[in-house]
Amino acid sequence: MISGCKSSYIQLQKNRKLGDNMRYLNKSVNHSKSIFILGIATLSLLMAANPAKAFTLTPLVSQDTDTDFDDYDFNAMLDSNQFKELFVAEGRIGNNSTNTAERELGINRDVRDPDPNLAGKPVAQDQFVWGNGTLYDLVLEYTGTHVNYIVGGKTLTSTAFSGSVTDIFFRTRAANNSTMMLSNFVIQSLDQNGNLLGNIFNIGGLSSTGQGSSDIDYLRLSNISTPFRLTGKVSMSWTGAAPSRSNLAYQIKVGTSPQSVPEPATVGAIFLAGIAGVGCSKRNKQTQQV
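To start, this report covers the structure provided alongside it. Remember, predicted model here, so these are calculated numbers, not experimental data.

### Overview of the environment of Gly255
Thought 1: As for its placement among the helices and strands, Gly255 is situated in strand β13 (residues 245-256).
Thought 2: Residue Gly255 is classed as buried on the basis of its relative accessible area of 0%.
Thought 3: Between the C-alpha atom of Gly255 and that of Thr166, which follows or precedes it by 89 residues, the distance is 6.3 Å.
Thought 4: Gly255 has contacts with Phe83, Lys84, Glu85, Leu86, Val165, Thr166 and Asp167, leaving out every residue within four places of it along the chain.

### Observations concerning the nonpolar core
Thought 1: Within the largest apolar cluster, 40 residues are counted, with the highest numbers of intra-cluster contacts made by Trp130, Leu140, Tyr149, Val151, Phe170, Tyr250 and Ile252.
Thought 2: Ranked by the residues each element gives to this core, the list is headed by strand β12 (residues 228-238), at five residues.
Thought 3: Non-local contacts of Ile252, meaning those with residues more than four positions away in its chain, are made with Phe87, Val88, Ala89, Leu138, Leu140, Ile168, Phe169, Phe170, Phe185 and Leu230.
Thought 4: In terms of nonpolar packing, the next biggest core, distinct from the first, is built from eight residues, Phe69, Phe74, Phe83 and Phe169 among them.

### Side note on the pattern of salt bridges
Thought 1: Evaluation of the coordinates by the stated rule reveals 10 salt bridges.
Thought 2: Across the salt bridge formed by Glu141 and Arg229, the nearest N and O atoms sit 2.8 Å from each other. Remark: Arg229 occurs in strand β12 and Glu141 occurs in strand β5 (residues 136-142); sequence separation between them is 88 residues.
Thought 3: Across the pair Asp167 and Arg220 runs a salt bridge whose closest N-O atoms are separated by 3.0 Å. With Asp167 in strand β8 (residues 167-174) and Arg220 in strand β11 (residues 215-222), this residue pair connects regions lying 53 residues apart in the sequence.
Thought 4: On the basis of relative accessibility, which here comes to 3%, the residue Asp167 falls in the buried class.
Thought 5: Using a relative accessible area of 12% as the deciding quantity, one classes Arg220 as buried.
Thought 6: Ionic contacts of the salt-bridge type, sharing partners, join the residues Arg92, Glu102 and Arg245 into one network.

### Notes on the side chain of Ser189
Thought 1: Summarising the element assignment, Ser189 is placed in strand β9 (residues 178-190).
Thought 2: For Ser189, the residues in contact, after removing those within four places along its chain, are Phe55, Asn195, Leu196, Leu197, Ser225, Pro227 and Phe228.

### Thoughts on the sheet that holds β9
Thought 1: Pairing within the open sheet is antiparallel, and its six strands lie in the order β7-β6-β5-β12-β9-β10. Pairing within the sheet leaves two strands with one partner each, and these edge strands are β7 (154-158) and β10 (196-210). Strand-to-strand twist across the sheet, computed as the mean angle between neighbouring axes with direction ignored, equals 15°.
Thought 2: Bridge count between β5 and β12: seven bridges; the pairing is antiparallel. Looking at the pairing, Tyr136 lines up with Val234 of β12.

Each value, and the rule that gives it
- Each residue is numbered by its place in its chain's sequence as written, counting from 1.
- Selection of residues for local features in this predicted model requires a pLDDT of at least 70, selection of side-chain atom pairs for listing and counting requires 80 or more, and totals for whole chains, interfaces and linings are taken over all residues.
- As a rule here, side-chain values cover all heavy atoms of the structure and leave hydrogens and water aside.
- Helix and strand definitions here come from DSSP, where helices need a minimum of 4 consecutive H or I residues and strands a minimum of 2 consecutive E residues; each element is numbered from the N-terminal end.
- Three labels apply to residues, based on accessible area from a 1.4 Å probe with only protein chains included: buried if under 20% of the type maximum, exposed if over 50%, partly exposed otherwise in between.
- When checking whether two residues touch, look at their non-hydrogen atoms; a contact exists if any pair is within 4.5 Å.
- Only buried Ala, Val, Leu, Ile, Met, Phe, Trp, Tyr and Cys residues count toward a nonpolar core, and they belong to the same one when joined by side-chain atoms within 4.5 Å.
- Take a side-chain nitrogen of Lys or Arg and a carboxyl oxygen of Asp or Glu: if they are within 4 Å of each other, that pair is a salt bridge.
- Pairing between strands is defined by DSSP: at least two bridges between the two strands are required.
- Helix axes are fitted to C-alpha atoms over the stretch in contact, other axes to C-alpha atoms as well, and angles between N-to-C directions run from 0 to 180 degrees.

In short, the description is geometric, and any link to function would need to be established separately.
This is how it looks when you write it as structure tokens:
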């Protein structure tokens, strides 16, 4: 009789131990499953965030009664937070001389900077003498912390801006019998060491011709990855007296659109935060069961 009771007791202890092991195994499986599912979701975000980063020329639709996308439409996008400038690389006829009363080249701040004394103002500028109809090489590089802007061999740099970007708006303006032309533009991604990555994307060009009144044109490039290198040609031409100030000008507006997918580094941070959350949840459950 005693032997039978002892045998039953031993069997009961084995069953309890087996039950404990199964509960621990289920917890481990569920924890691993949570991390696995989180990893799959993160991988999907990474694939969406960087599918070889396909640059895209995005159609622009006028938001007023005329059919052309112009300054009114662009400002409406800024006002409705559809686009936010980070910086603007600019070229203008200015006074077309080395006289410092007017700048011809600049790297400018966001036109909607919260400080009205800084909004749209240059952080770097220089003088440039434009030849009538002369083509100049243009290079714009952004590393995420550093801007290099080169026109006709003259270089402007700035470290005033940082962060990722998703879109570029090209703007040209011409008035008083003149033509502003951007041509042969291409863009390519860079690695963190400044080396070229992937294929070159051909953007093409943009031009405005003003016969007395002002002609303004826009072009939008989306799905930009940071860092990038943009190259092309720029020329200003006119008949008779040259225009002045910004009556003959171009701007390359670099910034972000809220519809963009997060950068891979951001997605990685989401994954790590998710793992921490799973671990925290597991600890909380264990604490409650004590």
